[in-house]
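Fold and geometry: a report
Below are the chains, spelled out letter by letter.
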Amino acid sequence: MIRKEFHLKADNEQEATNGRLSSFIDVSRSGVQLLKVNSSFKAIEFISWSFPHSSTDSVWAERIAEILKNGELNEVASTKFSISDNQVVIVPETLFSETEKEKYFNFLFDSSEESEIVTQKLTNTDAVGLFSIPKSVKEVLKEAVSSSFLTWTDSILGNSSGTKVYLVLDEKQFSLSILKDGKLIFSNWFQFSKEDDVLYFLMATLESLNILHSEIELLMGGFVEKGDETFKVLSRFISKISFIKRPKNLTYSYSFNHMAEHRFPFILAAACA
């Protein structure tokens, strides 16, 4: 049920043993990723485990716990944990109040006593992010947890022109973020079961924002490849499609060339924060 899909290693053993190492562990509903970075800000090792999408929190926590027992997750100087999930809300800072965070969150989601709502400030815009983490998952991680999606969202904001649409696919859900001249105007997650669902939610969102599909630049990441069915469906309507690039804040071991740059944007953003 749990499968190791990638293990990218350091260029040489010395890179993996010399100096101070930091590790970043990101958990999603369909997998866990581990990234190790050395003191020279070089990504030297990456492991990805995948499992069937876990819609039940207790099952999700059990799968994460099983992976964390793996001997390959050796302790290093520091480890930071993050979560990429669809229960995320972004609130303008002028409207935000810590005492009212459950109210903001419940506007879109039904919060549960079995989950904790966490606040995360965005630095590149006047907004505050809220995300939910199941208590069962937090108990397994045993550390402070950030939202890698919110960290990644913060990283794409800034100096750009035109309308850019970022679409990052997981196994059964995808995030959709829309920027107008570098400013975030839309952010949401959607569940999908077939490729046409992705097109439907994208076009419906553009229509609701009065944006013509011919005017956007679509940048894709996650579980998508050029020529697969999702790409084919979208390319029939969107002429400008490219893939998300890796952050330039890091350098990468040669083995990272064996993995598509756009596959895991959230954990790479978390490592650059």
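Overview of the structure. Since the model is a prediction, treat every value here as computed from it, not as a measurement. (Residues numbered from 1 in each chain as written. Predicted model: local features only at pLDDT ≥ 70, side-chain atom pairs only at ≥ 80, totals over all residues. Heavy atoms only, no water.)

Details of the packing of aromatic side chains
Following the criterion strictly, the structure yields 18 aromatic pairs and no others. Taking the centre distance of 5.7 Å and the plane angle of 80° together, the rings of W152 and Y166 count as edge-to-face. Placement of the pair is W152 in helix α5 (residues 148-156) and Y166 in strand β10 (residues 163-169), with a sequence separation of 14 residues. Like W152, the residue Y166 is buried in the burial classification. Centroid distance W189 to F266: 6.2 Å. Interplanar angle 50°. Geometry classified as tilted. Residue W189 is found in strand β12 (residues 183-191), and its partner F266 is found in helix α8 (residues 265-272); the two are separated by 77 residues along the sequence. Given the relative accessible area of 10%, W189 is considered buried. Clustering of aromatic rings is evident, with ring pairs tying together F6, F46, Y252, F256 and F264. Here the guanidinium or amino end of R263 rests over the ring plane of F223, the centre of that ring lying 4.2 Å away. (Phe/Tyr/Trp six-rings, centres within 6.5 Å; stacked < 30°, edge-to-face > 60°. Helix = DSSP H or I, 4+ residues; strand = E, 2+ residues; numbered from the N terminus. Buried < 20%, exposed > 50% of the residue type's maximum accessible area, 1.4 Å probe, protein only. Lys NZ or Arg CZ within 6 Å of the ring centre and 35° of its normal.)

Topic: the sheet that holds β10
In spatial order, the strands read β12-β11-β10-β13-β14; together these 5 strands make up an open sheet with mixed pairing. One side of each edge strand has no neighbouring strand; the edge strands of this open sheet are β12 and β14 (241-243). The average angle at which neighbouring strand axes cross in this sheet is 20°, direction not considered. When strand β11 (residues 173-180) meets β12, the two strands line up antiparallel, connected through 8 bridges. If you follow S175 over to β12, its bridge partner there is W189. The strands touched by α5 within the sheet are β10, β11 and β12, with β11 carrying the most contacts at an inclination of about 25°. Across the face of the sheet, helix α6 (residues 195-208) comes into contact with β10, β11, β12 and β13 (216-222) while running at roughly 30° to β11. (Pairing = 2+ DSSP bridges. Axes fitted to C-alpha atoms, helices over the stretch in contact; angles between N-to-C directions. Contact = heavy atoms within 4.5 Å.)

Some points on the pattern of salt bridges
For the structure on display, the rule yields 11 salt bridges. For K121, the salt bridge is made with E93, and the minimal N-O distance between the two is 3.9 Å. Of this pair, K121 sits in strand β7 (residues 115-122) while E93 sits in the loop between β6 (88-92) and α3 (101-108), and the two are 28 residues apart along the sequence. K121 gets classed as partly exposed once you look at its relative accessible area, which sits at 41%. According to the relative accessible area criterion, E93 is partly exposed, its value standing at 35%. As a salt-bridge pair, E98 and K101 come within 2.9 Å of each other at their nearest N and O atoms. Its relative accessible area of 18% is what places K101 among the buried residues. Sharing partners across several salt bridges, the network here consists of R29, D57 and D85. (Salt bridge = Lys/Arg side-chain N within 4 Å of Asp/Glu carboxyl O.)

Remarks on the packing of α5 against α8
As a packed pair, α5 and α8 sit with axes 8 Å apart at the nearest point and diverge in direction by 75°. By the angle between their directions, the pair α5 and α8 is classed as roughly perpendicular. Residues S148, F149, T151, W152 and S155 of α5 touch α8, and the partners they reach there are P265, F266, A269 and A270. Considered class by class, the residues forming the contact of α5 with α8 number 6 nonpolar, 3 polar and no charged. (Parallel < 35°, antiparallel > 145°, perpendicular 65-115°, else oblique. Nonpolar A, V, L, I, M, F, W, Y, C, P; charged D, E, K, R; others polar.)

Points about the sheet that holds strand β8 (residues 127-134)
Taking strand neighbours across the sheet as the criterion, the 3 strands line up as β6-β8-β7 in an open arrangement whose pairing is antiparallel. Edge strands, defined here as strands with exactly one partner in the open sheet, are β6 and β7. Across the sheet, the mean angle separating the axes of adjacent strands is 25° when strand polarity is ignored. Summarising the sheet, β6 and β8 pair through 5 bridges and their orientation is antiparallel. In the strand pairing of β8, V91 is matched with V128. Helix-sheet contacts for α3 involve β6, β7 and β8, and the interaxial angle to β8 is about 75°.

Focus: the environment of I83
Tracing the backbone shows I83 in strand β5 (residues 78-84). Using a relative accessible area of 2% as the deciding quantity, one classes I83 as buried. Setting aside residues no more than four positions away along its own chain, I83 makes contact with D26, V27, W60, F131, S132, I133, V145, S146, S147, S148 and F149.

Nothing here speaks to function; it is all geometry.
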